[in-house]
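Spelled out from the first residue to the last, the chains are:
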Amino acid sequence: MGSFIAGMMKRPLAVVAAVVMALVLLPVAVWLDLRHLSDTTLSSQASSLNAMITDIRGYYAQNVVGRVVASEGRTLAVHNYRDIAGAIPIPATLSLELGEVIGKGHDIGYRFVSDLVFKSRMPHELDGFERRALATFRNEAGPKPPISEVSGSIFDRRIRLAAPVLMGPACVACHNAHPESPKTDWKVGDVRGIQEISIAQPIAANLLSFKYLFAYFTGAGLFGFVFVAIQWRQAREMRRMNRDLEETNGFLASISMKISKYLSPQVYRSIFSGERDVVISTERKKLTIFFSDIKDFTVTSERLQPEELTQLLNEYFTEMSTIASQYGATVDKFIGDAILAFFGDPETRGAKEDAKACVDMAIAMQRRMVELNAEWRRRGIEKPFQARMGINTGYCNVGNFGSADRMDYTIIGAEANLAARLEQIAEPGGIVMSYETFALVEDGIDARALPPISLKGISRQVIPYAVEGILDERAAGASIINEVHEGARIFLDLDRVDERESARLEAILAEAMSALKARRPLPS
């Protein structure tokens with residue numbers, strides 16, 4: 001709601017338009033109320049009048065015609081009673097004449113009509129509503145409630161209510177025997193015709209009933225215009241202040257984006273969301289530490305121009321950082337050609353899940369390195385990068401280290417040093433992890449134990465585990481073979497080897513295999 005009000009304050013013209021629209025809609029709302037009131041009143045009046053006419057007809061039939069017919073006098077009840085002295089009208093004739101009498105009014109009308117009239121009478125002209133009502137009454141079985149229709153314009157309303165005229169026993173006997181009757185097989189309950197009540201009422205006639213309401217809304221409208229004028233003035237001031245704030249926010253957002261390039265995404269989010277204070281503080285946590293560097297980076301750098309080396313190294317860091325971000329790693333820093341990252345702070349999914357994510361990340365990085373090596377070789381780089389990676393799990397101090405003027409979010413501890421030592425014994429393209437990490441991921445990772453080693457700065461012997469099958473999932477459809485070991489380096493890009501070159505390479509590989517077999521010791 002607050003944002004909506006703030007948005008409206010920025011657009012005073014929209015506020016004015018809304019107020020004007022509200023004032024315009026008020027008469028419409030009042031008009032709709034009047035229309036509803038008129039419809040309800042008309043329906044009630046029509047129902048009451050219909051009941052009244054029905055009672056009149058019933059009373060006339062019972063107390064006038066019934067009594068006269070039962071007497072032995074000369075009084076007769078006929079449709080042409082005017083032609084016979086002392087005769088009285090039958091109910092149908094009374095209803096027809098009542099229509100003429102009542103129909104002389106301006107707002108109320110009454111019709112008694114049928115499509116089956118006596119032969120001596122003029123046929124009744126029925127409109128669409130009356131024809132539909134007759135058809136409905138004759139087609140429906142059981143009770144036949146009245147049918148109504150409301151019509152009119154914006155200035156007046158008119159309701160028509162039609163009720164069925166049913167044949168009674170006396171009517172059936174009279175009509176079936178009368179020579180002018182259009183039908184001689186009437187039955188009790190048949191629909192002879194309809195009696196119709198119509199009431200019209202002009203809506204404008206009730207407008208003066210709301211003069212105090214209109215006076216009230218006129219005052220409210222004047223107050224609204226005064227309020228809008230005040231808000232308009234405030235909105236202009238707010239627009240000026242908002243422009244200043246937008247310029248300041250834009251500058252801060254630009255600085256924020258620049259600062260984010262120097263921090264890991266997790267640290268950046270925790271600082272700018274207010275979860276972490278920028279103060280010197282550390283805590284001890286169980287982390288899984290990842291360390292990697294490039295084998296023979298110095299030799300490779302000597303073969304490249306500085307510009308080419310810079311481009312290659314930045315491409316390498318970009319690809320590895322992207323993978324680290326996908327797996328949720330906190331990238332601590334780049335140290336020359338090395339990468340230090342860890343799992344477990346500022347976000348953690350538990351020691352086991354953190355260790356698994358770290359190993360999966362390292363495998364994804366090595367697989368990506370195979371693809372990058374193929375691309376770099378196509379670009380003419382003779383000896384692309386070969387990464388070695390070490391992983392360890394243990395407790396470290398993590399947090400902000402440094403001075404009050406300059407701090408660094410990093411980790412300190414022997415477990416971080418162990419990850420660096422494990423990376424140094426890994427083969428190019430390989431991953432070595434400590435037993436602490438292997439114990440957390442052994443149910444999902446293939447690894448083989450290496451001979452125990454003693455590392456500088458580590459008092460105990462360490463049993464390293466080399467991750468196996470790093471490229472096994474891609475072996476079936478692989479087009480690149482990249483194997484690097486001490487004393488051996490094999491790289492084949494099968495997509496780029498033609499048939500002639502393939503034959504030559506087969507010969508070279510066969511000769512190499514023969515030489516390797518010759519060096520095997522003979523069985524004793």
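Data block above holds the structure.
Predicted model only: the values in this text are computed from it and were never measured. (Residues numbered from 1 in each chain as written. Predicted model: local features only at pLDDT ≥ 70, side-chain atom pairs only at ≥ 80, totals over all residues. Heavy atoms only, no water.)

Turning to the side chain of E423, a few remarks are in order. One can find E423 in helix α11 (residues 414–425). Sequence-distant contacts of E423, that is, excluding residues within four places in its chain, are made with F291, S292, D293, R388, M389 and G390. (Helix = DSSP H or I, 4+ residues; strand = E, 2+ residues; numbered from the N terminus. Contact = heavy atoms within 4.5 Å.)

Our focus in this paragraph is the nonpolar core. The biggest cluster of nonpolar side chains holds 43 residues, and the ones touching the most others in it are F290, Y316, M361, F385 and M433. If you tally residues by element for this core, the top one is helix α10 (residues 351–378), at twelve residues. Contact partners of F290, with chain neighbours within four places excluded, come to I339, L340, A341, C358, M361, A362, M365, M389, G390 and I391. Judged by nonpolar contacts, the second largest core, of 13 residues, contains L287, A338, A416 and A420. (Core = buried A, V, L, I, M, F, W, Y, C linked by side-chain atoms within 4.5 Å. Buried < 20%, exposed > 50% of the residue type's maximum accessible area, 1.4 Å probe, protein only.)

The tally for this structure, following the rule as stated, stands at seven aromatic pairs. An angle of 45° between the planes, with centres 6.2 Å apart, marks the rings of F342 and Y409 as tilted. Highlighted residues: F342 in strand β9 (residues 338–343) and Y409 in strand β11 (residues 407–412), separated in sequence by 67 residues. An aromatic cluster of three or more residues is present, and its members are Y316, F317, F334, W376 and F385. Looking at K183, its charged tip hangs above the ring of W186, at a distance of 4.6 Å from the centre. (Phe/Tyr/Trp six-rings, centres within 6.5 Å; stacked < 30°, edge-to-face > 60°. Lys NZ or Arg CZ within 6 Å of the ring centre and 35° of its normal.)

Using the criterion set out here, one finds 23 salt bridges in the structure. For R111, the salt bridge is made with E196, and the minimal N-O distance between the two is 4.0 Å. Here the residue R111 occupies a position in strand β3 (residues 108–113), and E196 occupies one in strand β6 (residues 191–202), the gap between them amounting to 85 residues. We note a salt bridge from E130 to R160, for which the minimum N-O separation is 3.6 Å. Of the two residues, E130 is situated in helix α4 (residues 128–139) and R160 in strand β5 (residues 156–166); the sequence distance between them amounts to 30 residues. What makes R160 buried here is its relative accessible area of 7%. Sharing partners across several salt bridges, the network here consists of R111, D127, E130, R132, E149, R160 and E196. (Salt bridge = Lys/Arg side-chain N within 4 Å of Asp/Glu carboxyl O.)

Next up on the list: the packing of helix α9 (residues 306–327) against α10. For the pair α9 and α10, interaxial distance at closest approach is 9 Å and the crossing angle is 150°. By the angle between their axes, α9 is roughly antiparallel relative to α10. The handedness of the crossing between α9 and α10 is right-handed. For the pair α9 and α10, contact is made by L312, E315, Y316, E319, M320, I323, A324 and Y327 and by A357, D360, M361, A364, M365, R368, M369, L372 and W376, respectively. Among the residues making up the contact of α9 with α10, the classes are represented as 13 nonpolar, no polar and four charged. (Axes fitted to C-alpha atoms, helices over the stretch in contact; angles between N-to-C directions. Parallel < 35°, antiparallel > 145°, perpendicular 65-115°, else oblique. Left-handed = near helix turned anticlockwise from the far one by under 90°. Nonpolar A, V, L, I, M, F, W, Y, C, P; charged D, E, K, R; others polar.)

Let us now look at the pairing of strand β4 (residues 147–152). For β4 and β5, the ladder comprises six bridges, and the chain directions are antiparallel. Bridged to S148 within β5 is L161. Linking β4 back to β5 in an antiparallel pair, the connection comprises three residues. (Pairing = 2+ DSSP bridges.)

In spatial order, the strands read β3-β6-β5-β4; together these four strands make up an open sheet with antiparallel pairing. The strands lining the two open edges of the sheet, one partner per strand, are β3 and β4. In this sheet, adjacent strand axes meet at a mean angle of 15° when their direction is disregarded. Pairing between β3 and β6: six bridges, direction antiparallel. Looking across to β6, one finds that V113 is bridged to I194. On the sheet, α4 packs against β3, β4, β5 and β6 and is oriented at approximately 135° with respect to β6.

Bringing a nonpolar patch on the surface into the picture now. Together, V20, M21, V24 and F225 make up an exposed nonpolar region whose accessible area comes to about 350 Å². When residues in the nonpolar patch are grouped by element, the largest group, three residues, is from helix α2 (residues 12–70). Within the secondary structure, M21 is located in helix α2. (Patch = residues over 30% accessible without salt bridge, like charges linked within 9 Å, V, L, I, M, F, W, Y side chains within 5 Å. Areas by Shrake-Rupley, 256 points an atom, 1.4 Å probe, with all protein chains shown as cover.)

Shape is all these values report; function is a separate question.
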